[in-house]
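# A closer look at the structure
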Amino acid sequence: MTDLITILGPTASGKTAIAVRLARQIGAEIISADSRQVYRRMNLGTGKDIDEYGEIPYHLIDICEPGTRYNLFAYQRDFLAAYEDIRRRGRRVILCGGSGLYLESILRGYRLSPVPQNDALRRSLEGKTLGELTEILSSYKSLHNTTDIDTPQRAVRAIEIEEYYRRTPVDRRPFPALTSLTFGVDIDRETRRRRISDRLRARLDAGMLDEVRALLAEGIAPDDLIYYGLEYKYLTLCATGAMSRDEMFRQLETAIHQFAKRQMTYFRGMERRGVPIRWLRPEAFAQLENI
């Protein structure tokens, strides 16, 4: 038996519902691999769909306050705490999500150390465009993780991390080698696009823009919400009057479609880097036995 089962896939592929059904079948709990669902009160914009979990325990959702900057090091730390707790209680573990870097850090056992903020470096990067920051970052590494360049703030942080590892000897913490049976949700492009558009309309109707307005009213800075990208970037621009609702919808819809495509590109890259993924159509998961 493997240490865990992983269910991954692009946004709107239905992976949460699949993971919940499987968890009921095998007596498992679910650890989320979503870089934004860690934030409290960011529900519609991150697509938490908490009701889908029912009685199944879930972990690493709603663990941080909006406006903070969760990171990969913290995710590995929190994953291990949740994993060890679940296993001590004799339950199995399902890792489920679409944040490729978070998934790969577990499946390939990344060894990381926390990276402090470099104020001098940040000052030197002030005023640079996203294109200029992307060029600087590409001088450090190949840009497999395109979420690093979604916004200037993310690009600056990525450069900061790379600069730290280049110049600082690091005693890297150990990370256990976990075995995983990894499944990818194989959903065709047209179905994925339709689901993305339908879900976006439904979440806007459910009050996604009001969710962002409420976060701003708490005193969270617009730039801090824009940092989270996708929904929070465009909804914040709309809520602050920088973009009309129609323009917001058109640009956000396009951005989510592009994001889903980048997710699939990242998952294919994970396969090339040694993570075996068994791709199944959504209906085929119901036929899994003895896993």
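The structure under discussion appears in the preceding block.
What the protein contains, in helices and strands, is eleven helices and six strands. The C-alpha atoms of the protein give a radius of gyration of 19 Å, which matches the 19 Å a tight globule of 291 residues would have. Counting the 291 residues in the protein, one finds 50% classified as buried. Taking all contacts inside the protein whose residues are at least 6 apart in sequence as the whole, residues at least 24 apart take part in 75%. About 13,800 Å² of surface is accessible on the protein, with carbon and sulfur atoms providing 48% of the total. Both charge centroids of the protein, one from 45 positive and one from 40 negative side chains, sit 3 Å from each other.

Attention now goes to the nonpolar core. Counting 59 residues, the largest nonpolar core has Ile31, Tyr75, Phe79 and Leu95 as the members making the most contacts within it. Looking at this core element by element, the count peaks at eleven residues for helix α11 (residues 245–272). Beyond its immediate stretch of four places on either side in the chain, Tyr75 contacts Ile31, Ser32, Ala33, Leu60, Tyr70, Leu95, Tyr102, Ser105 and Ile106. Formed by 21 residues, the second largest nonpolar core is a distinct cluster that contains Ile5, Leu22, Ala23 and Ile26.

On to helix α7 (residues 189–205), then. When the terminal C-alpha atoms of α7 are compared, their 24 Å separation across 17 residues agrees well with the 24 Å that a helix rising 1.5 Å per residue should span. Buried within α7 are the following residues: Thr191, Arg192, Ile196, Ser197, Leu200, Arg203 and Leu204. The inward-facing, buried residues of α7 contact α8 (208–217), α10 (230–239) and α11. Backbone geometry just downstream of α7 places Gly207 in the positive-phi region, at approximately 110°.

The backbone of Leu60 shows a phi angle near 65°, a positive value even though the residue is not glycine. Of note, the phi angle at Leu230 is positive, near 45°, even though the residue is not glycine. Topologically, Leu230 is positioned in helix α10. For Leu230, a relative accessible area of 13% puts it in the buried group.

Counted residue by residue, strand β2 (residues 28–33) has six buried out of six residues, so it is predominantly covered. Sheet topology places β2 next to strand β4 (residues 92–97); six bridges connect them, and they run parallel. Across the sheet, Ala28 pairs through a bridge with Arg92, a residue of β4. Judged from the two bridges that link them, β2 and strand β3 (residues 58–59) form a sheet pairing that is parallel. What sits directly across from Ile30, in β3, is Tyr58.

Mapped onto the fold, Arg89 is located in the loop between α2 (72–88) and β4. Not counting the four nearest positions on each side in its chain, Arg89 is found in contact with Glu29 and His59. At a separation of 2.6 Å, a polar atom in the side chain of Arg89 contacts the side chain of Glu29.

Another point: the sheet that holds β2. Across the sheet, which stays open at both edges, the six strands sit in the order β3-β2-β4-β1-β5-β6 with parallel pairing between neighbours. Both outer strands of the open sheet, β3 and β6 (278–280), are each paired with one neighbouring strand and no more. Contacting β1 (4–8), β2, β3 and β4, α2 crosses the sheet at an angle of about 180° to β2. Together, β1 and β6 form the strand contacts of α11, whose direction differs from that of β6 by roughly 145°.

The next subject is the environment of Asn71. Relative to the helices and strands, Asn71 resides in the loop between β3 and α2. Using a relative accessible area of 28% as the deciding quantity, one classes Asn71 as partly exposed. Among the polar contacts listed, one links the side chain of Asn71 to the backbone nitrogen of Phe73, at a separation of 3.2 Å.

Another point: the packing of aromatic side chains. What characterises a pair of aromatic rings is the spacing of the ring centres plus the angle enclosed by the ring planes. Per the counting criterion, the structure on display carries nine aromatic pairs. Seen from their ring centres, Phe183 and Phe285 are 5.9 Å apart, and the 70° between their planes marks the pair as edge-to-face. A residue pair is termed long-range when its members are at least 10 positions apart, and Phe183 in strand β5 (residues 180–185) and Phe285 in the segment after β6 qualify at 102 residues. The pair formed by Phe183 and Phe285 is uniform in burial state, with each residue classed as buried. Ring geometry for Tyr227 and Tyr228: centres 5.8 Å apart, planes at 70°, overall edge-to-face.

Side chains that differ in sign of charge can pair as their charged atoms come close. Summed over all chains, the structure comprises 22 salt bridges. Across the salt bridge formed by Glu65 and Arg40, the nearest N and O atoms sit 3.0 Å from each other. On the criterion of sequence distance, the pair formed by Glu65 in the loop between β3 and α2 and Arg40 in the loop between β2 and β3 is long-range, its members being 25 residues apart. Given the relative accessible area of 30%, Arg40 is considered partly exposed. Asp188 is the salt-bridge partner of Arg281, the closest N and O atoms lying 3.6 Å from each other. In this pair, Arg281 is assigned in the segment after β6 and Asp188 in the loop between β5 and α7, connecting sequence segments 93 residues apart. On the basis of relative accessibility, which here comes to 31%, the residue Asp188 falls in the partly exposed class. Salt bridges sharing common partners tie together Glu29, Asp85, Arg89 and Arg91.

Reading the values: the criteria
Residues numbered from 1 in each chain as written. Predicted model: local features only at pLDDT ≥ 70, side-chain atom pairs only at ≥ 80, totals over all residues. Heavy atoms only, no water. Helix = DSSP H or I, 4+ residues; strand = E, 2+ residues; numbered from the N terminus. Rg over C-alpha atoms; globule rule 2.2 N^0.38 Å. Buried < 20%, exposed > 50% of the residue type's maximum accessible area, 1.4 Å probe, protein only. Contact = heavy atoms within 4.5 Å. Areas by Shrake-Rupley, 256 points an atom, 1.4 Å probe, with all protein chains shown as cover. Lys, Arg positive; Asp, Glu negative; His and termini not counted. Charge placed at Lys NZ, Arg CZ, Asp CG, Glu CD. Core = buried A, V, L, I, M, F, W, Y, C linked by side-chain atoms within 4.5 Å. Expected span 1.5 Å × (residues − 1). Pairing = 2+ DSSP bridges. Polar contact = N/O pair within 3.5 Å; in protein donor to acceptor, adjacent residues only side chain to side chain. Axes fitted to C-alpha atoms, helices over the stretch in contact; angles between N-to-C directions. Phe/Tyr/Trp six-rings, centres within 6.5 Å; stacked < 30°, edge-to-face > 60°. Salt bridge = Lys/Arg side-chain N within 4 Å of Asp/Glu carboxyl O.

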